[in-house]
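Each chain, letter by letter, is given below.
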Amino acid sequence: MAKKPKPDMPLPAELAGLAEKLRHKDAKVKIAALEALAQKGEAAEPAATAVCNCLIEDSEEITKAALRAIEKIHPKIYPLVASMVLDPTVRDRSNSVKKLGLLGKEAKCVQNFLIHRMSHEIKDFIANYMSEGASFRLDPDRAKNYLFSIEVFAAIQMIDESNEAAFDCLIKYLELEQLAKVEYPEAAPWRGILQWEPATKLADDWAGQRKERVKKLIAAIESEIKTGPYVLVSLALVKRHPQESKHLAERIKDLKLSTYPQIRDAAKQALDAIEADM
């Protein structure tokens with residue numbers, strides 16, 4: 001049984017008041033509070049989560065004020081967070097998020113920003129994918145500018161494995177592959193840009209033995225069981241999680257007649273696991 005995460009300690013009164021102002025609708029109030037926190041330096045580190053949450057704002061002015069505050073109150077994460085916000089290249093952002101993950105709980109204050117970043121990119125990706133036609137769907141380089149890496153999810157897992165919102169975002173990421181296949185089969189040259197196989201393995205590791213998470217994962221890979229290019233990966237998941245995959249038994253039986261021996265063998269193993277669990 002997984003241990004429940006300890007609740008965050010309440011902020012000291014002087015920091016709590018400033019952190020509350022960071023939720024104000026008036027940008028000037030937010031910026032003034034960020035500047036006040038920055039002046040406190042590392043003594044304001046307990047308010048780092050509230051400051052990092054300001055990076056989610058649409059206002060460039062607030063974002064810059066938040067970065068200036070992070071530089072003063074949490075200098076260890078500042079260059080990495082700044083890279084995630086400011087660097088235009090996939091490589092730089094990817095390197096930075098890896099380092100954030102290695103910091104573990106020390107980088108917990110930035111996880112809401114990372115989740116928002118991926119959620120925003122997924123929504124933006126879908127909007128462009130659906131509206132711009134083949135010129136977007138068949139451009140892998142442009143696609144990478146949106147969903148640059150599953151390393152963001154891997155970093156969040158290392159920072160806070162209990163974060164359910166992040167796990168759900170990863171499942172949504174996996175479902176984009178289904179969108180590509182079902183809605184736009186002509187986008188075959190682009191498929192795979194989402195790193196579906198490693199993302200699935202990450203989700204499996206992250207789900208562990210939590211039944212609700214496993215159910216979400218199995219639901220996300222169902223369509224791969226019959227026609228997907230990742231059928232072997234999906235059958236391996238079924239074998240690992242037979243109890244949550246029983247409803248797929250009939251579909252898997254058809255794969256025992258596949259012209260590919262590897263698929264036939266994997267289907268048999270998956271069905272054997274399901275039957276043994278009954």
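Note that the structure is predicted; figures quoted are calculated from it, not measured. (Residues numbered from 1 in each chain as written. Predicted model: local features only at pLDDT ≥ 70, side-chain atom pairs only at ≥ 80, totals over all residues. Heavy atoms only, no water.)

1. Quick look at the overall build of the protein chain
Piece 1. In terms of regular secondary structure, the protein chain is built from 17 helices and zero strands.
Piece 2. Within the span of the protein chain, comprising 278 residues, buried residues form 47% of the whole.
Piece 3. For the protein chain, the accessible area works out to roughly 14600 Å², and carbon and sulfur atoms hold 53% of it. (Helix = DSSP H or I, 4+ residues; strand = E, 2+ residues; numbered from the N terminus. Buried < 20%, exposed > 50% of the residue type's maximum accessible area, 1.4 Å probe, protein only. Areas by Shrake-Rupley, 256 points an atom, 1.4 Å probe, with all protein chains shown as cover.)

2. Re the packing of helix H5 (residues 78–86) against helix H6 (residues 90–102)
For any two helices packed against each other, the geometry comes down to the angle between their axes and how far apart the axes lie.
Piece 1. One can describe the packing of H5 onto H6 by two numbers: an axis separation of 9 Å at closest approach and a directional angle of 145°. Crossing geometry of H5 relative to H6 is assigned as left-handed. In contact with Leu80, Val81, Ser83 and Met84 of H5, H6 contributes Asp92, Arg93, Ser96, Val97, Lys99 and Leu100.
Piece 2. Split by residue class, the contact of H5 with H6 holds five nonpolar, two polar and three charged. (Axes fitted to C-alpha atoms, helices over the stretch in contact; angles between N-to-C directions. Left-handed = near helix turned anticlockwise from the far one by under 90°. Contact = heavy atoms within 4.5 Å. Nonpolar A, V, L, I, M, F, W, Y, C, P; charged D, E, K, R; others polar.)

3. As for the packing of aromatic side chains
Piece 1. Applying the stated rule across the entire model yields two aromatic pairs.
Piece 2. For the pair Phe153 and Tyr173, a centre-to-centre distance of 5.3 Å together with 70° between the ring planes defines the contact as edge-to-face. Of this pair, Phe153 sits in helix H10 (residues 151–159) while Tyr173 is found in helix H11 (residues 164–183), placing the two residues 20 residues apart along the sequence. This pair shows no difference in class: Phe153 is buried, exactly as Tyr173 is.
Piece 3. Seen in terms of ring centroids, Phe167 and Trp206 are 5.9 Å apart; in terms of plane orientation they differ by 80°. Their pairing is edge-to-face. Of this pair, Phe167 sits in helix H11 while Trp206 sits in helix H12 (residues 196–207), and the two are 39 residues apart along the sequence. Neither Phe167 nor Trp206 differs from the other in exposure class; each is buried. (Phe/Tyr/Trp six-rings, centres within 6.5 Å; stacked < 30°, edge-to-face > 60°.)

4. Thoughts on the environment of Trp206
Piece 1. Residue class for Trp206 comes out buried when judged on its relative accessible area of 0%.
Piece 2. A sequence separation of 49 residues divides Trp206 from Gln157, and the C-alpha atoms of the two residues are 7.1 Å apart.

5. Brief notes about the side chain of Gln157
Piece 1. Tracing the chain through its elements places Gln157 in helix H10.
Piece 2. Its relative accessible area of 14% is what places Gln157 among the buried residues.
Piece 3. A distance of 2.9 Å separates polar atoms of two side chains, one belonging to Gln157 and the other to Asp205. (Polar contact = N/O pair within 3.5 Å; in protein donor to acceptor, adjacent residues only side chain to side chain.)

6. Section: helix H1 (residues 13–21)
Piece 1. Among the residues making up H1, those that are buried are Leu15, Leu18 and Ala19. One side of H1 carries all its buried residues, which in axial view fall inside an arc of 100°.
Piece 2. For H1, the elements touching its buried residues are helix H2 (27–39) and helix H3 (48–53). (Arc of directions from axis to C-beta.)

7. Some remarks on the nonpolar core
Piece 1. One finds Leu34, Val51, Leu100, Leu114, Leu235 and Ile252 to be the most contacted residues of the largest nonpolar core, which totals 82 residues.
Piece 2. Of the residues forming this core, the biggest block, eight residues, is contributed by H11.
Piece 3. Beyond its immediate stretch of four places on either side in the chain, Leu114 contacts Met84, Val97, Val152, Ile156 and Ile159. (Core = buried A, V, L, I, M, F, W, Y, C linked by side-chain atoms within 4.5 Å.)

8. Notes on the confidence of the model for the protein chain
Piece 1. Counting all residues, the mean pLDDT for the protein chain is 83, and 80% of those residues have values of 70 or more.
Piece 2. Segment residues 1–7 is flagged for pLDDT under 50; beyond a separation of four residues in sequence, or across chains, it makes two contacts in the model.
Piece 3. Taken as a whole, residues 185–191 scores under 50 in pLDDT and shows 19 contacts with residues more than four places along the chain or in a different chain. (pLDDT = per-residue confidence, 0-100.)

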